[in-house]
Amino acid sequence: MPPKAKITRDMVVAAAFEVARETGAENINARTVSKKLNCSTQPVMYHFATIEELKKAAYQQADEYHTQYLMSVPETQKGVLLGIGLNYIRFAVEEPDLFRFLFQAGFIPHNNLIEMIDSEELLPVITAMQEETCMDLEQTKEIFITLAMFAHGYASIIANNSLAYDEKLIAAHLERVYKGAVLALQHDSETLTQEETK
């Protein structure tokens, strides 16, 4: 009789991620994860002293998955910014349980918006936006905040089943918000320049 396959830490995290994805992070526990792995609860508790630790590890995997999803902008998409914004909202449509886990379950590792924007996880998104806008890093971050808050509002409503997904309408709104953020920054820069030359 062949020996039983060893349950690794990565396998436990992957199973917890799947539980969160399929039924919500609130259902991550030793029993549900071990059922996914077709094993006893012992290997789960061997790798993680507490379910809280396991949820944090599953959160990290969900965060990485979300970043990859955001950055998968179709070549036919008009602009990286619009593509990332639409992907953020589309993620809430396609992965509502993961969206709630990432943004509404209290696991966000950053205490404020500035920490979040400066985080390593967002670097690929900010870099792609900066290349498209041809603005400096601080200006790009300002635009990102505006777009992110708008997209997050849309996505949150959709993830909680209160609004139907209408991609054409949402794309038009995102584009308007983006143009407005750029115009506002340009206006602020012009006003500052005028004040400096007085």
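Participant: Could you give an account of the overall build of the protein chain, with specific residues and numbers?
Facilitator: Assigned secondary structure in the protein chain consists of 10 helices and zero strands. Its helices and strands taken in sequence order, the protein chain reads α-α-α-α-α-α-α-α-α-α from the N to the C terminus. Going through the 198 residues of the protein chain one by one, you find that 39% of them count as buried. Across the protein chain, contacts joining residues at least 24 apart in sequence account for 62% of those joining residues at least 6 apart.

Participant: Quick rundown of the side chain of Asp63? Include the residues and the values.
Facilitator: When you line up the elements, Asp63 lands in helix α4 (residues 51-71). With no salt bridge to any partner, buried Asp63 finds its closest opposite charge in Lys56, at an N-O distance of 14 Å. Excluding residues within four positions of it along the chain, Asp63 makes contact with Leu102 and Glu121.

Participant: Summarise the pattern of salt bridges; cite the residues concerned and give the values.
Facilitator: Overall, the coordinates contain seven salt bridges when judged by the stated rule. Between Asp97 and Arg100 there is a salt bridge, with its nearest N and O atoms 3.0 Å apart. Of the two residues, Asp97 and Arg100 are both situated in helix α6 (residues 96-104); the distance of three residues between them amounts to about one turn of the helix. Close ionic contact of Lys179 with Glu175 constitutes a salt bridge, the shortest N to O distance being 4.0 Å. With a gap of four residues between them, Lys179 and Glu175 both fall in helix α10 (residues 167-197), about one helical turn apart. The class of Lys179 is partly exposed, set by a relative accessible area of 49%. Within this structure, Glu18, Arg21 and Glu95 form a network of salt bridges that share partners.

The rules behind these values
- Residues numbered from 1 in each chain as written.
- Predicted model: local features only at pLDDT ≥ 70, side-chain atom pairs only at ≥ 80, totals over all residues.
- Heavy atoms only, no water.
- Helix = DSSP H or I, 4+ residues; strand = E, 2+ residues; numbered from the N terminus.
- Buried < 20%, exposed > 50% of the residue type's maximum accessible area, 1.4 Å probe, protein only.
- Contact = heavy atoms within 4.5 Å.
- Lys, Arg positive; Asp, Glu negative; His and termini not counted.
- Salt bridge = Lys/Arg side-chain N within 4 Å of Asp/Glu carboxyl O.

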